[in-house]
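Residue-level structural notes
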Amino acid sequence: MQPLIDNARTFGQRPEEFARLAEGQSPQVLFITCSDSRVVPALITGARPGELFELRTAGNIVPPYVSEHPTSEAATIEYAVEVLGVRDIVVCGHSHCGAVGALVRGDDLTAVPAVRDWLVSATPRPAGAAEDPEVAEGVQSHVLTQLLRLRSYPCVERKLADGQLDLHAWYYEVHTGAVRTHRPQTDTFESL
């Protein structure tokens, strides 16, 4: 913890770099990814403060849209699309994902009931080889499912129909740093 505290102390000693951020934000991209500490959107994309609007969930899950019981994820997506006017949404899964791996393998998650209930209620079990430690196929399948979910959100559906929004599926390899994007024409994930 001490290195984090030391950095936080020196971070605030450069106010001129951050003064413009007080005027508001206008990110062009909503970046939906996993809560995993190895996935750092700004590091992956090179984004500076104010350039990415982030939504991090266990397993980069976009829950089903339910208007009578809105989720924090739905509120974040709606705010990004309707208020901030993001032009792109990236759903980024990653290799070695514990959440997707647990789903693919059918792990017993009794010891973590909140995690179990979130995963079971929020997303279908992805395809993939249970013995693959990277869970690459499972994660890629899962990311595409989340992209389909996004399309069912009324605000996303409207902006897509108006040509004001684009959706992207990414797969990040934590062990190499490589980023792959889904190419609908070939239905494969290829290097950016």
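Residues numbered from 1 in each chain as written. Predicted model: local features only at pLDDT ≥ 70, side-chain atom pairs only at ≥ 80, totals over all residues. Heavy atoms only, no water.

Looking only at helices and strands, the chain has eight helices and six strands in total. Counting helices and strands in the order they occur from the N terminus, the chain gives α-α-β-α-β-α-β-α-α-α-α-β-β-β. Over its C-alpha atoms the chain spans a radius of gyration of 18 Å, differing by no more than 12% from the 16 Å that the globule rule assigns to 192 residues. Long-range pairs, those at least 24 residues apart, make up 61% of the contacts in the chain with a sequence separation of at least 6. Entry remark: accessible area of the chain is about 10500 Å², with carbon and sulfur atoms responsible for 53%. Each charge sign in the chain was given a centre, from 16 positive and 25 negative side chains, and these centres are 2 Å apart. (Helix = DSSP H or I, 4+ residues; strand = E, 2+ residues; numbered from the N terminus. Rg over C-alpha atoms; globule rule 2.2 N^0.38 Å. Contact = heavy atoms within 4.5 Å. Areas by Shrake-Rupley, 256 points an atom, 1.4 Å probe, with all protein chains shown as cover. Lys, Arg positive; Asp, Glu negative; His and termini not counted. Charge placed at Lys NZ, Arg CZ, Asp CG, Glu CD.)

Attention now moves to the environment of Pro 41. Structurally, Pro 41 is set in helix 3 (residues 41–45). Expressed as a C-alpha distance, the spacing of Pro 41 and Gly 12, which sit 29 residues apart in the sequence, is 21 Å.

As for its position among the elements, Gln 140 is in helix 7 (residues 136–151). Overall, Gln 140 belongs to the buried group, its relative accessible area being 19%. Spatially, the C-alpha atom of Gln 140 lies 6.9 Å from that of Gly 93, the residues being 47 residues apart in sequence. Gln 140 has contacts with Tyr 171 and Phe 189, leaving out every residue within four places of it along the chain. (Buried < 20%, exposed > 50% of the residue type's maximum accessible area, 1.4 Å probe, protein only.)

What follows concerns helix 4 (residues 72–83). Between its terminal C-alpha atoms helix 4 stretches 15 Å, which fits the 16 Å expected from twelve residues at 1.5 Å a residue. Buried residues in helix 4 make contact with strand 1 (29–34), strand 2 (52–57), strand 3 (88–94), helix 6 (113–122), helix 7 and helix 8 (154–161). (Expected span 1.5 Å × (residues − 1).)

With that settled, consider the nonpolar core. Within the largest apolar cluster, 38 residues are counted, with the highest numbers of intra-cluster contacts made by Leu 30, Ile 32, Ile 77, Ile 89, Leu 150 and Val 156. In this structure Ile 77 touches Leu 30, Ile 32, Leu 55, Val 62, Leu 150, Tyr 153, Cys 155 and Val 156, once residues within four positions along its chain are discounted. Ala 47, Val 90, Cys 92 and Val 179 belong to the second largest nonpolar core, which has ten residues in total. (Core = buried A, V, L, I, M, F, W, Y, C linked by side-chain atoms within 4.5 Å.)

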